[in-house]
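In case you want the letters, here they are:
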Amino acid sequence: SSGINAEYGGTLTQYVKIDYTEKIGADGAVSCEADNILQLLSDITPGGFTTDYVEFMGALEKNKKFHPPGTLVESYTKKGKTFDVYYSTFEDEKFREFHNRLQVFILWYIDAASYIDDEDPCWNLYTLYERVTTGGETTYRSMGFLTAYSFYNYPCRTRQRISQVLVLPPYQGSGHGARILSTMYNHVSADPGIYDITVEDPSENFTRLRNFVDTVKCSKLTSFSPDKLKLGFTQVMAEEARTKYKITAIQSRKMYEILRLRATDPANQEEYKAYRLDVKKRLNGAFQKEKKAMARQRERLTEEELKALDATKTPEQQHEFLDRSFLELETEYRKVIERVAAFIEF
């Protein structure tokens, strides 16, 4: 059969085999030449690979002596298996070499992803492994990673911006993404020099993951207790979430809305109405702010953007927009609440 087969060892030593039944241009019948697949792969694989299976099997034997580079920051068990999270920076040469092999996975599994600069000391990386002990011998299986960049935050602190999070397909759907994100929160929260944690251009899937983790975190805070949630969002909530878990003010407001919905009795019409109006008030404030900003830039807007702006001019259209936005939010919030209800513990 035809195809490109890539195999990886525990240290992510890569073996590549290309199978094909015929090669275009080999018989001179057409003028074009076949792509040099191995060269193309080599161009995007800084960690290199081998096409020699015997060499690859020899590397697998060496994998048995592999120990993850960096500092162990958390270990946990799931269904009788043990998992470790290590923290590293590119100042660790052993980790930089390992990362050269690890980073290729973002090209396979993250749309529009690109490699990060391994000469930049501001990168912080968390790598996840399954630790397997058999016959007194321990080996490690690479499972995924999280990268975050340190930015300056006035006057004398930094903020962390999450850039990439990837759990490899064999380990997806088992809560490991939430676990590595929670571990990063716990590790960063211990540093008073870090102000908060932001996210770079999050996907919908990551947004759901982040909302779940942040909801679990905030549910443990005193200021987010059910009795206080019904009194409305406060600066105390925002500050406790930021101080304890480095959650941003905007994100803590969202966690308040999710947890207040969970604490709202659906059979109590007054409670639900108060909740709905509170969320709509926030949505309307953001809507009005965006509308004013767009109005100031009418000359720069495209025809489609002008239509979108003009479509929400009347009070009736505005109410319809708010109703639709609220229902969409409520649907997403209830998905988070359902996942939190089934959650045991980080």
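Refer to the structure printed above.
Residues numbered from 1 in each chain as written. Predicted model: local features only at pLDDT ≥ 70, side-chain atom pairs only at ≥ 80, totals over all residues. Heavy atoms only, no water.

**Student:** Honestly, the layout of surface pockets in this entry has me stumped. Any pointers?
**Tutor:** Rolling a probe over the atoms, with the probe sized like a water molecule, indicates the empty space that remains. Its boundaries defined by the atoms lining it, the largest pocket holds a volume of some 1,100 Å³. Lining the largest pocket we find 37 residues, and of these Ile110, Val165, Ser203, Asn205 and Phe206 sit closest to its centre. Going through the elements one at a time, helix 4 (104-109), strand 7 (157-167), helix 5 (176-189), helix 6 (204-218) and helix 12 (315-341) are the ones with two or more residues in the lining of the largest pocket. Broken down by element, the residue count for the lining of the largest pocket peaks at six residues, all from strand 7. Volume-wise, the second largest pocket comes out at about 460 Å³. As for the second largest pocket, its lining consists of 16 residues, of which Thr207, Lys254, Arg282, Leu329 and Tyr333 are closest to the centre. Mapped onto the lining of the second largest pocket, the elements with two or more residues apiece are helix 6, helix 9 (249-263), helix 10 (269-296) and helix 12. Counting residues per element, the lining of the second largest pocket draws most heavily on helix 12, which supplies five residues. Among the residues making up the lining of the second largest pocket, the classes are represented as four nonpolar, four polar and eight charged. (1 Å grid on protein atoms, 1.4 Å probe; cavity = no way out; pocket = protein on both sides within 12 Å on 5 of 7 lines; lining within 4 Å. Points joined across faces, edges and corners; volume = space filled by probe spheres on them. Helix = DSSP H or I, 4+ residues; strand = E, 2+ residues; numbered from the N terminus. Nonpolar A, V, L, I, M, F, W, Y, C, P; charged D, E, K, R; others polar.)

**Student:** What am I meant to see in the packing of aromatic side chains here?
**Tutor:** Where two aromatic rings form a pair, the distance of their centres and the angle of their planes describe that pair. Applying the stated criterion to the full structure yields 20 aromatic pairs. Arranged with centres 5.8 Å apart and planes meeting at 85°, the rings of Tyr86 and Tyr129 form a pair that is edge-to-face. In this pair, Tyr86 is assigned in strand 4 (residues 81-88) and Tyr129 in strand 5 (residues 123-134), connecting sequence segments 43 residues apart. The buried category is assigned to Tyr86, whose relative accessible area is 4%. Arg161 extends its terminal NZ or CZ atom over the ring of Phe151, reaching a point 4.5 Å from the ring centre. The aromatic ring of Phe212 is capped on one face by Arg339, whose charged end is 4.0 Å from the ring centroid. (Phe/Tyr/Trp six-rings, centres within 6.5 Å; stacked < 30°, edge-to-face > 60°. Buried < 20%, exposed > 50% of the residue type's maximum accessible area, 1.4 Å probe, protein only. Lys NZ or Arg CZ within 6 Å of the ring centre and 35° of its normal.)

**Student:** I would appreciate a short explanation of the nonpolar core in the present structure.
**Tutor:** A general tendency of soluble globular proteins is for nonpolar side chains to be buried together. Counting 49 residues, the largest nonpolar core has Tyr126, Leu146, Ile162, Leu181, Met184, Cys218 and Phe224 as the members making the most contacts within it. Considering each element in turn, this core owes the most residues, seven residues, to helix 12. Excluding its chain neighbours within four sequence positions, the residues that come into contact with Leu181 are Leu146, Ile162, Phe206, Leu209, Arg210 and Val213. Grouped together as the second largest cluster of nonpolar side chains are 19 residues, Leu12, Phe105, Trp123 and Leu168 included. (Core = buried A, V, L, I, M, F, W, Y, C linked by side-chain atoms within 4.5 Å. Contact = heavy atoms within 4.5 Å.)

**Student:** It is not clear to me how the sheet that holds strand 5 should be interpreted in this structure. Could you clarify?
**Tutor:** Strand order in the open sheet formed by six strands is 3-4-5-6-7-8, with mixed pairing between adjacent strands. Each end of this open sheet is capped by a strand with a single partner; those strands are strand 3 (71-78) and strand 8 (194-199). The mean inter-strand angle of the sheet, taken between neighbouring strand axes irrespective of direction, is 25°. The pairing of strand 3 with strand 4 spans seven bridges and is antiparallel. Residue pairing in the sheet places Thr77 in a bridge with Thr82 of strand 4. (Pairing = 2+ DSSP bridges. Axes fitted to C-alpha atoms, helices over the stretch in contact; angles between N-to-C directions.)

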